[in-house]
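Letter by letter, the chains look like this.
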Amino acid sequence: MNQAGQSETRVTLTAAQRRRCRRIMRDFHVRAFGEELARINFLPEKRRKQAVAEMIDHARSKGVKLTRPALGVTP
Amino acid sequence: MMGDHGDMVPYAELESFFSGLVATAQSRGITCAITSGMACVHFGVAATTKDCDVLCDAAKSDDFRALIAGTLLRGLSPNYRGHLSPPLDARWMRGGWTSHFTWRTKPEETCLDIFGIAPRGSSPWDRQLHGIYACPNVVAEMKRTNREKDWPFATALGGQMLEEGDLEGWLHLHDADILRRFMKHPAPTERLMGLRPLLGLAPFTDTLRVKRLLLAERAFWSELDELRIRIYQKHLRPYVSAVRRASSGRRDLEVAESHALRLECALEHLPFHPLRDYGLEQMVAEAKANVGVTVGADVVEWLPAAEYNFDGL
């Protein structure tokens, strides 16, 4: 189920189409998040999560506050 | 100063802790799912978050609260976070309120936000779970906020959905270049164009027009989010004072004790369904009117209907 209760709209992509999607999104990640985060985002899951953990812990160890205020409502 | 952080709970431990909490909840029949930042990390869009947002079936609020209350992190019991958190109770969860919990780890607390309704969700989030995570479609809808930083996450998730053959991803591309480049992909369907009129501009070669309408869309969702938050916060002010008084300023009450007094305060000060009371159509109309002023009256007809984006309310 998806928007307005409709069934999902799924198509099967060719390998070439998938590669093309990946290229487009890699370019976007570089532009939106920067080279380093883009590199991390395209790593295999285990290495990606490890890299994110290292990045977050490094920031926290330098005093970066990552906790959001409690608002009673989620933005 | 590094010594101050010697006891810092590493992110990997936090992720494992929250994953375990949600997996345990699911194993006990509590429908719930991790969303927002940690879900983005799981789906391949790195987010700098160490805390966790969880969607929970409102009907299971009592069970989830009991599970949280009994879950220790490094030997610490949780507390409700601050005086502001509404009670984790089905009546308020169904109205879109968020409950906050914290484990008082050092040097930073470990925080958990729980909500029963996915903001801007267009379909039941609990029918589209990816294991312990909400699905990318729900996470992307939740990223249509009034915070600039959230929008690239939505686009990244939308692109990923398209890469996996899910055409609903077209609803989440908020970038003119990406829209144009994806035109060699299977095109958006009529139904998707109905939900998002901007998709009618395919193949998106009129770049300036596409950019302007993207700005308008973003302004619309931002206005809607600001209005939504304002409606909730109006009711929270007297509630916070009441909770502070009732708890004598203590923030370390056990969950059960704090919950009981929060219930009393909430019954007096927090309406169950503030958005519905305000009027969902009214909210959409106001947000569109504001965009008509800030961007231009001609763009209003291109804005999403948004009538489906209040699922569960």
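Residues numbered from 1 in each chain as written. Chains lettered and ligands numbered in written order. Predicted model: local features only at pLDDT ≥ 70, side-chain atom pairs only at ≥ 80, totals over all residues. Heavy atoms only, no water.

Q: For the overall build of chain A, give the residues involved together with the corresponding values.
A: The secondary structure content of chain A amounts to three helices and zero strands. Each helix and strand of chain A, placed in order from N terminus to C terminus, yields the pattern α-α-α. Counting every position in chain A, which comprises 75 residues, the buried fraction comes to 43%. Surface accessibility of chain A: about 4,300 Å² in total, with carbon and sulfur atoms responsible for 52%. (Helix = DSSP H or I, 4+ residues; strand = E, 2+ residues; numbered from the N terminus. Buried < 20%, exposed > 50% of the residue type's maximum accessible area, 1.4 Å probe, protein only. Areas by Shrake-Rupley, 256 points an atom, 1.4 Å probe, with all protein chains shown as cover.)

Q: Outline the packing of aromatic side chains, listing residues and values.
A: Overall, the coordinates contain 12 aromatic pairs over all chains when judged by the stated rule. Taken together, a centroid distance of 5.2 Å and an interplanar angle of 65° make the contact between F17(B) and F18(B) edge-to-face. Counting every residue linked through ring pairs, the aromatic cluster contains F28(A), F33(A) and F153(B). Seen from the ring of F42(A), R26(A) lies directly overhead, with NZ or CZ sitting 4.5 Å from the centre. Note that R144(B) overlies the ring of W221(B), its terminal NZ or CZ placed 4.8 Å from the centroid. (Phe/Tyr/Trp six-rings, centres within 6.5 Å; stacked < 30°, edge-to-face > 60°. Lys NZ or Arg CZ within 6 Å of the ring centre and 35° of its normal.)

Q: Report on the packing of helix α3 (residues 45–61) of chain A against helix α1 (residues 11–27) of chain B, specifying residues and quantitative values.
A: Two numbers describe how α3(A) lies on α1(B): the axes approach to 8 Å, and their chain directions differ by 120°. By the angle between their axes, α3(A) is oblique relative to α1(B). From α3(A), K49(A), A53(A), I56(A), D57(A) and R60(A) reach across to α1(B), where they touch Y11(B), A12(B), L14(B) and E15(B). Here the contact of α3(A) with α1(B) is built from residues that sort into five nonpolar, no polar and four charged. (Axes fitted to C-alpha atoms, helices over the stretch in contact; angles between N-to-C directions. Parallel < 35°, antiparallel > 145°, perpendicular 65-115°, else oblique. Contact = heavy atoms within 4.5 Å. Nonpolar A, V, L, I, M, F, W, Y, C, P; charged D, E, K, R; others polar.)

Geometric descriptors of this kind do not, in isolation, establish any biological role.
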